[in-house]
Amino acid sequence: MSFFINSNLLNINLHILHAEHSCVGKEWHAKNISSPFSRVYIVSEGSGKLTFPEGSVNMRAGYVYVIPAGLPFSCECAHSVTFDFFHISVPTPNGYDLLERLSHHIEFSDEATVSAMNSLIKQKTLDKLFETKSYLYQILSRCSEEIDNADIQKHSAFVSDVMDYIDNNLSFSLTTEVIAKHLLVSAAKIRKVFRNETGVPIGKYIRDRVLLSAEVKLRCTALSVKEISDSLGFVDQFYFSRCFSKKYGLSPSKYRAQCLI
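Because the structure is a prediction, the values reported are computed rather than measured.

## Quick word on the overall build of the chain
- Secondary structure assignment for the chain yields 9 helices and 9 strands.
- At 20 Å, the chain has a C-alpha radius of gyration in line with the 18 Å of a compact globule built from 261 residues.
- Counting only C-alpha atoms, the chain reaches 60 × 60 × 35 Å along its principal axes.
- Buried positions account for 45% of the 261 residues belonging to the chain.
- Sequence separation of at least 24 residues holds for 73% of the intrachain contacts in the chain that already meet a minimum separation of 6.
- Carbon together with sulfur atoms contributes 53% to the accessible area of the chain, which is approximately 13500 Å² in total.

Below, the structure written as structure tokens:
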């Protein structure tokens, strides 16, 4: 006997980009950070402060805080705070993070998760790694009521081909006309179909994918700002810095220094 499985299940994958158990003090201080990945803070001791466009919240022991991708925030600590923190990504078919549609942070009390994660994150065995990921899925489940199910729908083969071409030819100078010539269709058709299916203008999508690639290079490589700028087709590193700062709230060099928090 076979059972139908919702195909959307195949589109949901949780990626853990960074995980750490940390105790910080007054040095934990950053302003106006905005990232293409989401952050999860699981607080076990002490207190800190997170500030969002909607206001500030005091971090408390026994609480979980989820900061969705793209939401600007600042952080600070007057004394000390101990937490497990995760940088996570749940990419959707449209190339954005699943939590990016949330316009606010999410917090909730969960002593059981705090206690479990405080132990799990320090262990390296495969079974504990799976258990850690299962707790993160539970945290995502607490956020799911506010996420639009349309964000996990697959796109047509045509739009998927457009996205593949963009990802394989990432450059700030890439135009719809160049893509249209490669796919043997009109630029007008690409603009119309792409926006109808994704809800995003193709020009914005290209810019976002290029800047996402820049963010990954800043976070995961030792390439200089100029090398990253050149590799992604910007006219010069100063224009790249302006574009990056507008998207993520910090210059590339400052973002690189503060991204692991």
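Past the structure itself, the notes keep going.
## Points about helix α1 (residues 111-120)
- Here α1 has its buried residues at Thr113, Val114, Ala116, Met117 and Leu120.
- If you follow the buried residues of α1, they end up packed against β3 (38-46), β6 (63-67), β8 (81-89) and α2 (126-143).

## Here we look at the packing of aromatic side chains
- With the rule as written, the count across this model stands at 17 aromatic pairs.
- An angle of 55° between the planes, with centres 5.3 Å apart, marks the rings of Trp28 and Phe83 as tilted. One end of the pair, Trp28, is in the loop between β1 (15-24) and β2 (30-33); the other, Phe83, is in strand β8, with 55 residues separating them in the sequence. Of the two residues, Trp28 and Phe83, neither departs from the other in class, the shared state being buried.
- Taken together, Phe172, Phe234, Tyr239, Phe240, Phe244, Tyr248 and Tyr255 form an aromatic cluster joined through their ring pairs.
- For the cation-ring pair, Arg142 lies above Phe108, with the distance from its terminal atom to the ring centre recorded as 3.9 Å.

Rules behind the numbers
- Residues numbered from 1 in each chain as written.
- Predicted model: local features only at pLDDT ≥ 70, side-chain atom pairs only at ≥ 80, totals over all residues.
- Heavy atoms only, no water.
- Helix = DSSP H or I, 4+ residues; strand = E, 2+ residues; numbered from the N terminus.
- Rg over C-alpha atoms; globule rule 2.2 N^0.38 Å.
- Buried < 20%, exposed > 50% of the residue type's maximum accessible area, 1.4 Å probe, protein only.
- Contact = heavy atoms within 4.5 Å.
- Areas by Shrake-Rupley, 256 points an atom, 1.4 Å probe, with all protein chains shown as cover.
- Phe/Tyr/Trp six-rings, centres within 6.5 Å; stacked < 30°, edge-to-face > 60°.
- Lys NZ or Arg CZ within 6 Å of the ring centre and 35° of its normal.

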